[in-house]
Amino acid sequence: MPVHTSESRQVGRAGSGRGVGLGLALGSAVAFGGSGVAAKPLIEAGLDPLHVVWLRVAGAALVMLPVAVRHRALPLRRPALLAGFGLLAVAGVQACYFAAISRIPVGVALLVEYLAPALVLGWVRFVQRRPVTRAAALGVVLAAAGLACVVEVWSGLSFDALGLLLALGAACCQVGYFVLSDQGSDAGDEAPDPLGVIAYGLLIGAVVLTAVARPWTMHWSVLTGTASMNGTPVAAALMLAWIVLVATVLAYVTGVVSVRRLSPQVAGVVACLEAVIATVLAWVLLGEHLSAPQIIGGFVVLVGAFIAQSSAPARSSQEPVASGGQETRLSSRERAA
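The present account deals with the structure reproduced in this document. (Residues numbered from 1 in each chain as written. Predicted model: local features only at pLDDT ≥ 70, side-chain atom pairs only at ≥ 80, totals over all residues. Heavy atoms only, no water.)

1. As for the overall build of the protein chain
Moving on, step 1. When its secondary structure is counted, the protein chain shows 15 helices and 2 strands.
Moving on, step 2. Every one of the 337 residues in the protein chain was classed for burial, and the buried ones make up 53%.
Moving on, step 3. Residue pairs in contact within the protein chain that sit at least 24 positions apart in sequence constitute 86% of those at least 6 positions apart.
Moving on, step 4. Of the roughly 14400 Å² of accessible surface on the protein chain, 68% is carried by carbon and sulfur atoms. (Helix = DSSP H or I, 4+ residues; strand = E, 2+ residues; numbered from the N terminus. Buried < 20%, exposed > 50% of the residue type's maximum accessible area, 1.4 Å probe, protein only. Contact = heavy atoms within 4.5 Å. Areas by Shrake-Rupley, 256 points an atom, 1.4 Å probe, with all protein chains shown as cover.)

2. A look at helix α6 (residues 79-101)
Each α-helix winds once per 3.6 residues, and so residues spaced three or four apart point in a common direction.
Moving on, step 1. Look at α6: 32 Å from first C-alpha to last across 23 residues, which is about the 33 Å you get at 1.5 Å a residue.
Moving on, step 2. Considering bend angle alone, the principal kink of α6 is centred on G92 and spans about 30 degrees.
Moving on, step 3. With 18 of 23 residues buried, α6 lies mostly within the body of the structure. (Expected span 1.5 Å × (residues − 1). Bend = angle between axes of the 7 residues up to and from the residue.)

3. A few points about the packing of helix α2 (residues 35-44) against helix α3 (residues 49-63)
Moving on, step 1. It is at 10 Å that the axes of α2 and α3 come closest, and there the two elements cross at 130 degrees. In terms of their interaxial angle, α2 and α3 are classed as oblique. By crossing handedness, the relation of α2 to α3 is classed as right-handed. Judged by residue contacts, S35, A39, L42 and I43 of α2 engage P49, V52 and R56 from α3.
Moving on, step 2. Tallied by class, residues from the contact of α2 with α3 come to 5 nonpolar, 1 polar and 1 charged. (Axes fitted to C-alpha atoms, helices over the stretch in contact; angles between N-to-C directions. Parallel < 35°, antiparallel > 145°, perpendicular 65-115°, else oblique. Left-handed = near helix turned anticlockwise from the far one by under 90°. Nonpolar A, V, L, I, M, F, W, Y, C, P; charged D, E, K, R; others polar.)

4. Observations regarding the pattern of salt bridges
Moving on, step 1. Going through the model one piece at a time under the given rule, you end up with 2 salt bridges.
Moving on, step 2. Here K40 makes a salt bridge to E288, at a shortest N to O gap of 2.6 Å. One end of the pair, K40, is in helix α2; the other, E288, is in the loop between α14 (273-286) and α15 (292-310), and 248 residues separate them in sequence. Each of the two residues, K40 as well as E288, counts as buried.
Moving on, step 3. Between D160 and R103 there is a salt bridge, with the nearest N and O atoms lying 2.8 Å from each other. (Salt bridge = Lys/Arg side-chain N within 4 Å of Asp/Glu carboxyl O.)

5. Considerations on the packing of aromatic side chains
Moving on, step 1. In this structure the tally under the stated criterion is 3 aromatic pairs.
Moving on, step 2. Judged by centre distance (5.5 Å) and plane angle (80 degrees), the ring pair of F32 and Y252 falls under edge-to-face. With a gap of 220 residues between them, F32 in helix α1 (residues 6-33) and Y252 in helix α12 (residues 236-261) connect regions that are remote in the sequence. Each of the two residues, F32 as well as Y252, counts as buried.
Moving on, step 3. A centroid spacing of 5.7 Å and a plane angle of 45 degrees characterise the contact between Y97 and F98, whose relative ring orientation is tilted.
Moving on, step 4. Of the residues examined, F98 reaches a relative accessible area of 0% and is grouped as buried. (Phe/Tyr/Trp six-rings, centres within 6.5 Å; stacked < 30°, edge-to-face > 60°.)

6. Observations concerning the pairing of strand β1 (residues 226-229)
Moving on, step 1. On β1, burial follows the alternation: A227 and M229 on one face are buried, whereas T226 and S228 on the facing-out side are not.
Moving on, step 2. Pairing of β1 with strand β2 (residues 232-235) involves 4 bridges; the strand directions are antiparallel. Counted as the bridge partner of T226 is A235 from β2. (Pairing = 2+ DSSP bridges.)

7. Considerations on the environment of I296
Moving on, step 1. Mapped onto the fold, I296 is located in helix α15.
Moving on, step 2. The class of I296 is exposed, set by a relative accessible area of 55%.
Moving on, step 3. For the pair I296 and G146, spaced 150 residues apart in sequence, the C-alpha to C-alpha distance is 7.5 Å.

8. Some details on α3
Moving on, step 1. The terminal C-alpha atoms of α3, which comprises 15 residues, lie 21 Å apart, in line with the 21 Å expected from a rise of 1.5 Å per residue.
Moving on, step 2. Residues of α3 that are buried include every one of P49, H51, V52, V53, W54, L55, R56, V57, A60 and A61, and no others.
Moving on, step 3. For α3, the N-terminal cap is D48; the gap from its side-chain oxygen to the backbone nitrogen of L50 is 2.8 Å. (Polar contact = N/O pair within 3.5 Å; in protein donor to acceptor, adjacent residues only side chain to side chain.)

9. Observations regarding a nonpolar patch on the surface
Moving on, step 1. There is a patch of nonpolar side chains on the surface, built from L26, V30, L273, V276, V280, W283, V284, L285 and I295 and spanning about 690 Å² of accessible area.
Moving on, step 2. Looking at the nonpolar patch, the elements that each hand over two or more residues are α1 and α14.
Moving on, step 3. Looking at which element gives the most residues to the nonpolar patch, the answer is α14, with 6 residues. (Patch = residues over 30% accessible without salt bridge, like charges linked within 9 Å, V, L, I, M, F, W, Y side chains within 5 Å.)

This is the structure:
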């Protein structure tokens, strides 16, 4: 009969927790990856991209309202963090991303957005004036080279230029999120609860987007009909429910829990599957096919993004800026792509 020591039980619990964490991280990547696939038919059915973003953020903010009430002291403790998260990680990223997918394929938009970890290295090197490792620089070069294949620069940019700029805008907004997360990572026990930050970020984003999107001008009748998903009619309300409940609320919550069970680097690797999942779903459900060079380029972008994310310079004994930080830090996927 095997003898179960306290140490073996702890190892077993750790292994079980890691397995659960990997499952949650994968679920989060799948949930986030499906947002663009569900949103694009609604946009093509007649909804403005900003209106779809508003519906997503406002709906998720309503669901997360009890969490905001529970952390009602947070706005007084971290007003700048919450404002930045709401403006950049919620309103900025989503508005730019949804506007981009209305003009270019979902997979291409998300791969452009994955330049964010590489752009963080530019912030570290030229704004904070801190050295970067050779591995980090290699990651930036790989990401840039892969992106050149994705957008097919040799054919004079085969995609809509404005769509590409909007996707790049989403990447820049995500850089702001990384920087904000890094500033709050050294607070120790005083670090804000990630779920509270997400809840208030959604509320702030909803308020900002209400003023920008003017939802009272929305074609509400679109939501009572159907939208075409590569020729197949699907209830618009069903796709909206997926965007709000699965691609936002569930994606955020599982992302938060997973990064607390895994190291930020491991969570970041799994998170990179979001772009793969989004590309495959867009291929199958929307008929958005990518060429062989674009697929290869997308793979290179993800490799470069991961290297850049996991090889950023350390600050004293702290973890790298672009790696996601301590377990109390918001994970690199806790934005709304």
